[in-house]
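Fold and geometry: a report
One letter stands for each residue in the lines below.
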Amino acid sequence: MGANSSSISDLSENEYLKRLSGTESISENDPFWNQLLSFSFTTPNNSTELKLLEEATISVFKSLDADSEDLIEELLCCLIKLIIDIPLLDITYGISLEAVSTLVIFLSCQLFHKEILRQSISHKYLMHGRCLPYTSRLVKTLLYNFIRQEKRPPPGTHIFEQQSDGGGLLYGLASGVATGLWTVFTLGGVGSKPAPHQEQSSPLASQSLLLLLVLANLTDAPDTPNPYRQAIMSFKNTQDSTAFPSSNPHAFQINFNSLYTALCEQQKSDQATLLLYMLLHQNSNVRTYMLARTDMENLVVPILEILYHVEERNSHHVYMALIILLILTEDDGFNRSIHEVILKNITWYSERVLTEISLGSLLILVVIRTIQYNMTRTRDKYLHTNCLAALANMSAQFRSLHQYAAQRIISLFSLLSKKHNKVLEQATQSLRGSLSSDDVPLPDYAQDLNVIEEVIRMMLEIINSCLTNSLHHNPNLVYALLYKRDLFEQFRTHPSFQDIMQNIDLVITFFSSRLQQAGAELSVERVLEIIKQGAVALPKDRLRKFPELKFKYVEEEQPEEFFIPYVWSLVYNSAVALYWNPQDIQLFTMDSG
């Protein structure tokens with residue numbers, strides 16, 4: 001290979017490429033193939049060389065695509081067969097990776113459209129016709145590629161090795177075209193900041209997961225739902241012996257234990273978090289299996305780390321992590337079990353040394369920290385709502401809250417109370433000022449006040465839910481409530497909070513009385529002992545019952561408006577990591593604006 005060389009500018013007149021793209025059939029034994037592979041040229045390394053490559057090969061591409069839709073379908077089917085039929089070995093790793101990447105490129109026509117693309121030639125053939133019967137096998141293979149996380153084999157084990165002089169003609173052409181197509185991401189406006197350039201330990205696993213996400217988020221055909229999404233929604237555990245429903249021809253089985261382990265280990269990537277969200281939200285078999293696991297900390301702790309490092313994550317990754325927690329907290333069994341799991345030495349939590357804490361208390365700490373970060377930085381109502389919904393779902397099952405978690409619950413209420421007073425004062429001053437001037441427009445403090453009061457009421461409902469359902473299990477929360485009881489005084493007679501304050505006021509009054517009877521200068525240990533005794537003595541019928549707090553995650557009415565741009569931004573980031581040198585990244589991201 002490489003006996004002859006071609007410059008990029010000569011490719012348009014290359015007789016072998018002309019014959020390859022022509023209509024004449026070529027036998028597999030024809031000497032043409034050896035002659036074709038004897039040419040080589042250096043793969044383009046910058047935007048100028050890429051532009052030259054595109055211009056030089058336009059005529060070849062036009063000849064291949066002219067009146068050849070059947071050929072495109074044949075190629076797509078061949079790529080799928082390569083992926084599902086070739087066993088994954090060191091010698092086949094490279095060709096499997098190229099087949100997966102080429103399918104992603106075939107679907108990248110979305111990048112030429114700012115609006116959601118609902119039909120294309122690739123869509124048509126992947127949704128119908130000869131490709132359709134391979135749906136379940138393709139999804140299963142891509143999932144197993146992700147599960148196995150096979151590392152790139154060492155040099156010398158590939159079927160096609162890139163030579164030091166740039167490789168063969170087809171290798172260089174294919175690599176150059178692929179690289180050129182990835183630059184379309186900089187023009188498509190999907191607009192996600194690219195990840196730092198880094199070597200992927202398992203590029204096949206990463207690319208397989210990206211292809212799976214792309215396929216799952218293809219829009220439904222006018223007459224057919226997305227078969228790849230159907231496959232993801234319905235696959236079962238290999239240990240599940242129940243029959244598949246006849247209505248779904250794309251169902252299959254996979255090892256749930258291996259899938260769970262891979263998901264736990266890979267949550268640092270957006271792609272794995274998005275896959276976890278899709279499975280929990282759309283596949284009831286996976287959700288039931290995960291909620292039954294006795295080692296949920298292996299999954300939940302990585303999700304909490306994503307939220308804890310919110311400053312370092314993009315907003316989509318944070319949203320996915322938060323929605324996953326919300327989905328999990330819809331299950332009462334999960335809410336009970338997380339308080340039974342004890343974690344030791346949480347080194348990534350830097351605000352305070354946590355030598356021993358329950359998974360439930362850690363979850364509360366991280367969610368509250370996310371709320372406080374959102375209040376001071378992003379001020380995203382959607383984030384606020386989902387954080388509070390997760391806390392509300394858990395509140396009735398709060399058990400043995402860590403003293404620091406209890407303190408942070410009351411501290412958040414304190415922060416909200418101060419914000420409420422500040423906005424109320426601003427509204428009052430603004431109203432006074434308006435009496436002396438008719439020309440100055442008034443800020444909409446009423447709306448701000450309404451939002452804050454909604455959040456305050458939610459926090460009061462969360463505290464009330466814990467007190468009415470598990471008072472005797474949470475002496476640390478009662479302690480924190482008594483320590484900061486002055487905070488709640490202003491809300492006792494407030495018309496928006498009067499009803500929900502009844503129980504909280506009763507608890508404060510009841511335990512304050514018992515502490516006064518015990519005398520002054522009480523130690524922390526003695527106060528907690530009195531609280532525990534009082535929790536048993538307090539008649540439960542004195543606490544008013546409110547409807548159970550329960551919130552379910554509801555997907556947006558048009559989820560594709562969120563997920564499709566998100567998925568393609570992930571593909572773009574991966575393309576940058578795979579195909580570009582560090583010095584090229586800045587050039588192309590600057591071009592994208």
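Residues numbered from 1 in each chain as written. Predicted model: local features only at pLDDT ≥ 70, side-chain atom pairs only at ≥ 80, totals over all residues. Heavy atoms only, no water.

**Remarks on the side chain of S361**
As a reminder, the rule being used: Strands are runs of DSSP state E lasting at least two residues, helices are runs of H or I lasting at least four, and both sets are numbered from the N terminus onward. Accessible area is worked out with a 1.4 Å probe on protein chains only. A residue is then buried under 20% of its type maximum, exposed over 50%, and partly exposed in between. Any pair of nitrogen or oxygen atoms within 3.5 Å is treated as a polar contact; in protein, a donor-acceptor pairing is required on top of that, and neighbouring residues in sequence qualify only through side-chain atoms on both sides. Contacts between residues were defined by any pair of non-hydrogen atoms, one from each residue, lying within 4.5 Å.
Positionally, S361 belongs in helix α17 (residues 359–376). The buried category is assigned to S361, whose relative accessible area is 1%. Only 3.0 Å separates the side chain of S361 from the backbone nitrogen of H402, close enough to count as a polar contact. Excluding residues that lie within four positions of it along the chain, S361 makes contacts with H339, S400, L401, H402 and A405.

**As for the pattern of salt bridges**
Rules: For this document, the term salt bridge refers to a Lys or Arg side-chain nitrogen within 4 Å of an Asp or Glu carboxyl oxygen.
Applying the stated criterion across every chain yields a total of 17 salt bridges. With its nearest N and O atoms 2.5 Å apart, the salt bridge here joins R130 to E74. Placement of the pair is R130 in the loop between α6 (121–127) and α7 (135–148) and E74 in helix α4 (residues 69–85), with a sequence separation of 56 residues. Taking the shortest distance from any N to any O, the salt bridge between D499 and R457 comes out at 3.0 Å. Of this pair, D499 sits in helix α22 (residues 498–518) while R457 sits in helix α20 (residues 445–470), and the two are 42 residues apart along the sequence. Where salt bridges share partners, they join R19, E24 and D30 into one cluster.

**Thoughts on the packing of α20 against α22**
Rules: Here an axis means a line fitted to C-alpha atoms, over the contact stretch when the element is a helix, while the angle between two N-to-C directions is reported on a 0 to 180 degree scale. Working rule for angles: under 35 degrees goes down as roughly parallel, over 145 as roughly antiparallel, 65 to 115 as roughly perpendicular, anything else as oblique. For any pair of crossing helices, the crossing counts as left-handed if the nearer helix is rotated counterclockwise from the farther one by less than a right angle, and right-handed if it is rotated clockwise. Under the grouping applied here, Gly and all other residues not named as nonpolar or charged are polar, the nonpolar ones being Ala, Val, Leu, Ile, Met, Phe, Trp, Tyr, Cys and Pro and the charged ones Asp, Glu, Lys and Arg.
Between α20 and α22, the shortest axis-to-axis distance is 9 Å and the interhelical angle comes to 50 degrees. On the basis of the axis angle, α20 is oblique to α22. For α20 against α22, the interelement crossing comes out left-handed. Each of R457, L460, E461, I463, N464, L467 and T468 in α20 lies in contact with α22, whose residues at this interface are D499, I500, M501, N503, I504 and V507. Across the contact of α20 with α22, the residue classes tally to seven nonpolar, three polar and three charged.

**Section: the packing of helix α11 (residues 256–265) against helix α13 (residues 284–291)**
Between α11 and α13, the least distance of the axes is 11 Å, while the angle of their chain directions is 75 degrees. By the criterion of interaxial angle, the relationship of α11 to α13 is roughly perpendicular. For the pair α11 and α13, contact is made by F256, N257, Y260 and L263 and by N285, V286, Y289 and M290, respectively.

**A short note on a nonpolar patch on the surface**
Short version of the rule: In this scheme, patches are assembled from residues that exceed 30% relative accessible area and form no salt bridge. Like charges are connected within 9 Å, while nonpolar side chains (Val, Leu, Ile, Met, Phe, Trp, Tyr) are connected within 5 Å. To be clear on the numbers: accessible area is Shrake-Rupley with a 1.4 Å probe, and residue cover counts the displayed protein chains and nothing else.
A contiguous nonpolar patch, built from F61, L64 and L71 and spanning about 240 Å² of accessible area, is present on the exposed surface. Mapped onto the fold, F61 is located in helix α3 (residues 47–65).

**Regarding the side chain of N217**
Relative to the assigned elements, N217 resides in the loop between α9 (203–216) and α10 (227–234). Discounting chain neighbours no more than four positions away, the residues touching N217 are N226, R229, M278, F563, I564 and V567.

**Here's the deal with helix α12 (residues 270–282)**
The following threshold applies: To estimate the expected span of a helix, count its residues, drop one, and scale the result by 1.5 Å.
For α12, built from 13 residues, the straight-helix expectation of 18 Å at 1.5 Å per residue is met to within 8% by its first-to-last C-alpha distance of 18 Å. Most of α12 sits inside the fold, with eleven of its 13 residues counted as buried. Every buried residue of α12 is listed here: D270, Q271, A272, T273, L274, L275, L276, Y277, M278, L279 and L280.

**Points about the environment of T509**
Locating T509 in the fold gives a position in helix α22. Separated by 27 residues in the primary sequence, T509 and L482 place their C-alpha atoms 9.0 Å from one another. Within the structure, the side chain of T509 is placed 2.8 Å from the backbone oxygen of D505, a separation counted as a polar contact.

**Describing unusual backbone geometry**
Positive phi, normally seen in glycine, also occurs at N345, with a value near 50 degrees. Look at S400: it is not a glycine, yet its phi comes out positive at around 45 degrees. By the element assignment, S400 lies in the loop between α18 (381–395) and α19 (403–436).

**Brief notes about empty space enclosed by the protein**
To be explicit about the condition: The distinction between a cavity and a pocket rests on a 1 Å grid over the protein atoms alone: a 1.4 Å probe fits inside a cavity but cannot get out, while a pocket stays open yet meets protein on both sides within 12 Å along at least five of seven lines, and a residue with an atom within 4 Å of a point counts as lining. Grid points are joined across faces, edges and corners, and a volume is the space filled by probe spheres set on the points.
For the structure shown, the criterion picks out two cavities of 30 Å³ or more. Considering only enclosed or pocket space, the largest cavity measures out at about 90 Å³ in volume. L107, Q110, L117, H123, V214, N217, L218, T219, I564, V567 and W568 are the residues that line the largest cavity. By residue number, the principal contributor to the lining of the largest cavity is helix α24 (residues 560–579), which donates three residues. By residue class, the composition of the lining of the largest cavity is seven nonpolar, four polar and no charged.

**So, the environment of L383**
Within the secondary structure layout, L383 lies in helix α18. Measuring from C-alpha to C-alpha, the distance between L383 and V318 comes to 8.9 Å, with 65 residues separating the pair along the chain. Ignoring anything within four residues of it in the chain, the contact list for L383 reads V318, Y319, L322, T370, N374 and T378.

**Remarks on α7**
Across its 14 residues, α7 extends 20 Å between first and last C-alpha, which sits within 8% of the 20 Å expected from 1.5 Å per residue. Extensive coverage of α7 is indicated by the burial of eleven of its 14 residues. Every buried residue of α7 is listed here: T135, S136, L138, V139, T141, L142, L143, Y144, N145, F146 and I147. Q149 occupies a position one or two residues after α7 and carries a positive phi of about 50 degrees.

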